[in-house]
Each structure stands twice: as C-alpha cells, then as structure tokens.
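What follows is each chain in one-letter form.
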Amino acid sequence: MKTYNIAVLGGDGIGPEVVAGAIAVMNHIAQKRGFAFEFKNYLAGGCAIDAVNDPMPQETIDGCKASDSVLLGAVGGEKWDTFPSHLRPETGLLRIRAELGLFANLRPAQLFKELADACPLKPRLIENGLDVLVVRELTGGIYFGDKGRDETSGYDTLKYSDYEIKRIAKVAFEVAMKRNKNVVSVDKANVLESSRVWRKFVEEVAKDYPEVKQSNMYVDNAAMQLVRNPGQFDVIVTGNMFGDILSDEAAMITGSIGMLPSASLAEGSFGLYEPVHGSAPDIAGKGIANPIATIMSVAMMFRYSLDLMEEADMIENAVAKAIAQGARTADIAVEGEKVLSTDEMTQRIIENL
Ligand code: NAD
C-alpha cells in the first residue's frame, strides 16, 4: 500500500489541537481511498525550547527533510516572548524555512458566502465572491539583504536576482493555470530598481504561459484595490515584504483567521503546510479552536506535494458542506448559533467526506 511519510510539528498552544483534527481527516481519507499515512512527531517552537533549549532542533529539521511533507500547527506564546532572539519560537520558523529551501509562500484568502457577515467590507464589494491567492517570495528581498545600524541611522538592502524572480513567477503562473488564469504582479517599479528588474523577469516568464493574463500593479494601488474591489484578483505574485503585508490584508478581509490555510514550497514538490493563525494562547487547552485552517492546509498539501488532486477537492468540498450546514466553532459563530468544539467540527467535516 502506498504510504506517505508526514513530519508533524504540532508546536504550542492550539497547534497540537488543530493538528489532531487534520490528522483525523487525513487518516479517514487514506482509509477510504486505499493508501496510508505514517506520522512522525517532532518538537518545534516553545515546547522544543523547554525540552532541548532550541526552537528548531536538528532532529526536527532532519525529520522534515526525510519526510514527504510537513504539517505544522503553530508556535509561540507569552512564556517565550522575553527570551533572547536565538531562543525565540519565530527564529525557529525562519530557520526551518531556510533549511528546507521554502522560497514560495502560498496564502489563499477565500470567503465562504455563509460567512460573509464576518467580512469587514460592504456586502456590495464582495457580491461576486472573494478568492485571492497571494504568492509571496519567502527567502529573499529586504528581509534577507545586507543590513546594519549605528547610533543614528539604519539600513536594509532590497535585492532580487533573475533566478529568484523567475522561480517565484513560475510558481505563480503554474498555480494560476489551475485557477482562473490571471496573475497580477505587484511591485514599486515607479521608484525601486529592484522592482524594475522584478517586472522585467516576471514578464519574461509570462511569455511561457500565453493562456494566463498577466498585469502589473504598484503595491500602494494593490493595497487599495484589495479593499476596493477584491473580486478582480485571482493570483497576486510579489516579493517578500510586499507579500507579507498584502497577504495579511487579503486574509483579514475574509474576517476569519481560523479558516485560512497556507503552503510554503521548495523547488520540486516538497512543502510545509500550516494554518495562517498563531498558537492562540487565549483559547489553548479548551478544545474550542477552529481546525478548518489546518484541515484546508492539508488540502493544499494533497494538491501541491502529494499529487492527490481528487482528495484535495474532497476536503475542500467537505469543509464547504459543513459550513453550509451551519457547523460553526466559536470564532465564526454569530449570536444564537450552536457552537461546536474542535473535535465536533472535525467530525462534521469527516461525515461530509
Ligand atoms: P493568533 O493567530 O494566535 O490569535 C489571534 C486571535 O485569533 C486570538 O484571539 C485567537 O484566539 C484567535 N484564533 C487564532 N486561531 C484560531 C482558531 N484556529 N480558532 C479560533 N480562534 C483562533 O495571533 P496572536 O495572538 O497575535 O499570537 C499568539 C502567538 O502565536 C504569539 O506567540 C505569536 O508569535 C504566535 N504566532 C505564531 C504563528 C506561527 O506559528 N506561524 C503565526 C502567528 C502568530
């Protein structure tokens, strides 16, 4: 029987709780479709600092490298907030991204029509729906450039090479081919040289995808367009810092952080999958976290890393059905609605598979 090896990094707070829901869904699908998953748990984040004084132990990195795919819950919490930077859970995340070569971050922001009330935009702005995928370059740009400071000044360097731009552009066009075939490349080419280079090489890659409509937009305009007319976007491709900001903006206009998945991809088909939300210390241990972001991250894993396309659709359809039937965890419920626990929501999704 085909067996997929999955490295599981539950992490802190609600991380292990939502990951448990995702694993239940994965096991159910595997049984139904005649394959299997082998899960291996590794330490990451605050729990790893407590256990071995390292937010991302080498054993975890080696385990991830040896796996077919990685499922991450969330890391962090107040307890570790005052630790020196090399001992911070976030430092562990940066390390694993670099070690696994995860250069492409995919964050879909999709609005379920039953949850339209959670969207902070006026109803008429989202009447055509909202389904945007931000493809963010994750291992280059200003966050990784030469930097420094003295008493009175500081600087950071924003540099992108043709190689980095072409490989992220290729990811964006490939996913656009599986979606609505529309890529908007976001830059600041009216001001920045690095953006002019960005635009040049994105347009070069676009020539290989004649079916995909490609256009360019300045980042300030893109920030505005996302709240003015989000329905115009399909895939947005952009650099590390612009992507950081725009993906949060796109996420928040759906209004439901507990629903949003993400994928971070390396070259080839390897990837790390995690919910967009953090460890939610305020609700950890109560069994009430929404598992949907993590379960939808598994759908992305199936699609982008394991080539299980039908099974990815099965998960997304089951989640949509559960929502349509009125299944709600506390974060997405409105007053008077019955509220489900993490396990109950997971079960409702499994029943719909
Ligand atoms: P958060 O996403 O953890 O929580 C923000 C709010 O959303 C909280 O009220 C929380 O209860 C709610 N929420 C989040 N996920 C939910 C879910 N699945 N179901 C229901 N409600 C949910 O963000 P924060 O409070 O800013 O950060 C908490 C900790 O998480 C910090 O230590 C932060 O550094 C860390 N963090 C980690 C990641 C990651 O692991 N990738 C990402 C963001 C934040």
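Criteria and cut-off values
- Residues numbered from 1 in each chain as written.
- Predicted model: local features only at pLDDT ≥ 70, side-chain atom pairs only at ≥ 80, totals over all residues.
- Heavy atoms only, no water.
- Helix = DSSP H or I, 4+ residues; strand = E, 2+ residues; numbered from the N terminus.
- Rg over C-alpha atoms; globule rule 2.2 N^0.38 Å.
- Buried < 20%, exposed > 50% of the residue type's maximum accessible area, 1.4 Å probe, protein only.
- Contact = heavy atoms within 4.5 Å.
- Lys, Arg positive; Asp, Glu negative; His and termini not counted.
- Charge placed at Lys NZ, Arg CZ, Asp CG, Glu CD.
- Domains from an automatic or database assignment.
- Buried area = accessible area lost by both parts, 1.4 Å probe.
- Salt bridge = Lys/Arg side-chain N within 4 Å of Asp/Glu carboxyl O.
- Phe/Tyr/Trp six-rings, centres within 6.5 Å; stacked < 30°, edge-to-face > 60°.
- Lys NZ or Arg CZ within 6 Å of the ring centre and 35° of its normal.
- Pairing = 2+ DSSP bridges.
- Near = heavy atom within 4 Å.
- Polar contact = N/O pair within 3.5 Å; in protein donor to acceptor, adjacent residues only side chain to side chain.
- Areas by Shrake-Rupley, 256 points an atom, 1.4 Å probe, with all protein chains shown as cover.
- Nonpolar A, V, L, I, M, F, W, Y, C, P; charged D, E, K, R; others polar.
- Axes fitted to C-alpha atoms, helices over the stretch in contact; angles between N-to-C directions.
- Parallel < 35°, antiparallel > 145°, perpendicular 65-115°, else oblique.
- Left-handed = near helix turned anticlockwise from the far one by under 90°.

Caption draft 1: Summary view of the overall build of the chain. When helices and strands are tallied, the chain shows 11 helices and 12 strands. Relative to the compact-globule value of 20 Å for 353 residues, the chain shows a C-alpha radius of gyration of 20 Å, a close match. Across its three principal axes, the chain shows a C-alpha extent of roughly 50 × 50 × 45 Å. Here the chain, with 353 residues, has 53% of them falling under the buried criterion. Sequence separation of 24 or more characterises 76% of the internal contacts of the chain that already satisfy a separation of 6 or more. Side chains of the chain carry 36 positive and 49 negative charges; the gap between the two charge centres is 4 Å.

Caption draft 2: Quick peek at the domain arrangement of the chain. By the assigned domains, the chain splits into domain 1 (1-103 + 257-353) and domain 2 (120-253). With 8 residues of domain 1 at the interface, the matching set in domain 2 holds 11 residues. Surface buried jointly by domain 1 and domain 2 totals about 1,000 Å² across both partners, of which 71% is contributed by carbon and sulfur atoms. Taken as a group, Phe103, Glu267 and Tyr304 account for 52% of the area that domain 1 buries against domain 2, more than any other trio of residues on that side. For the pair domain 1 and domain 2, the number of links is 1 salt bridge. The closest approach of N and O atoms between Arg167 and Glu267, which form a salt bridge, is 3.0 Å.

Caption draft 3: Spotlight on the packing of aromatic side chains. Per the stated rule, a full pass over the model turns up 7 aromatic pairs. Measuring from ring centre to ring centre gives 5.6 Å for Tyr4 and Phe35, while their planes differ by 90°; the resulting arrangement is edge-to-face. Separated by 31 residues along the polypeptide, Tyr4 in strand S1 (residues 3-11) and Phe35 in the loop between helix H1 (15-33) and strand S2 (36-41) bring together distant segments of the chain. Exposure class is identical for Tyr4 and Phe35. Each is buried. Grouped by ring-pair contacts, the aromatic residues Tyr4, Phe35, Phe37, Phe39 and Phe302 constitute a single cluster. Over the face of the ring belonging to Phe103 we find Arg167, whose NZ or CZ atom lies 4.1 Å from the ring centre.

Caption draft 4: Region of the structure containing the pairing of strand S11 (residues 261-265). Most of S11 is tucked away: 5 of the 5 residues are buried. Burial of S11 is two-sided: the residues Pro261, Ala263 and Leu265 facing one way and the residues Ser262 and Ser264 facing the other way are all buried. As defined by bridge partners, strand S4 (residues 104-110) adjoins S11 across 3 bridges and the pair is classed as antiparallel. By the bridge assignment for S11, Ala104 is matched with Leu265. Across 5 bridges, the pairing between S11 and strand S12 (residues 271-275) is antiparallel. Residue pairing in the sheet places Leu265 in a bridge with Gly271 of S12. Here S11 folds back onto S12 in antiparallel fashion, the turn holding 5 residues, of which Gly268 has a positive phi close to 85°.

Caption draft 5: Focus on the site of the ligand. Surveying the vicinity of the ligand reveals 21 residues, the closest of which are Val75, Gly278, Ala280, Asp282 and Asn290. Between the ligand and the protein, one listed contact pairs an oxygen atom with a backbone N or O atom of Val75 at 2.9 Å. Within the side chain of His277, a nitrogen or oxygen atom sits 3.2 Å from a nitrogen atom of the ligand. For the ligand, whose unbound accessible area comes to 810 Å², protein coverage reaches 68%. Residue composition of the shell around the ligand, grouped by class: 10 nonpolar, 7 polar and 4 charged.

Caption draft 6: The arrangement of the sheet that holds S12 in detail. With mixed pairing, 10 strands are arranged side by side in an open sheet as S2-S1-S3-S12-S11-S4-S5-S10-S8-S9. Looking at the sheet topology across the chains shown, the edges are occupied by S2 and strand S9 (213-218). Sheet twist, expressed as the mean angle between neighbouring strand axes with direction ignored, is 25°. Looking at chain direction, strand S3 (residues 69-74) and S12 are connected through 2 bridges and run parallel. Residue pairing across strands places Val70 opposite Leu272, the latter belonging to S12. Against the sheet, helix H5 (residues 162-177) touches S4, strand S5 (131-137), strand S8 (182-187), S9 and strand S10 (235-238), its axis set at about 160° to S5.

Caption draft 7: Quick peek at the packing of H1 against helix H9 (residues 292-304). Direction vectors running N to C along H1 and H9 enclose 45°, while the axes themselves pass 8 Å from each other. What the angle tells us is that H1 and H9 run oblique. H1 and H9 meet at a crossing whose hand is right-handed. Residues Val18, Val19, Gly21, Ala22, Val25, Met26 and Ile29 of H1 lie in contact with H9, whose contacting residues are Thr294, Ile295, Val298, Met301 and Phe302. Split into classes, the residues belonging to the contact of H1 with H9 amount to 10 nonpolar, 2 polar and no charged.

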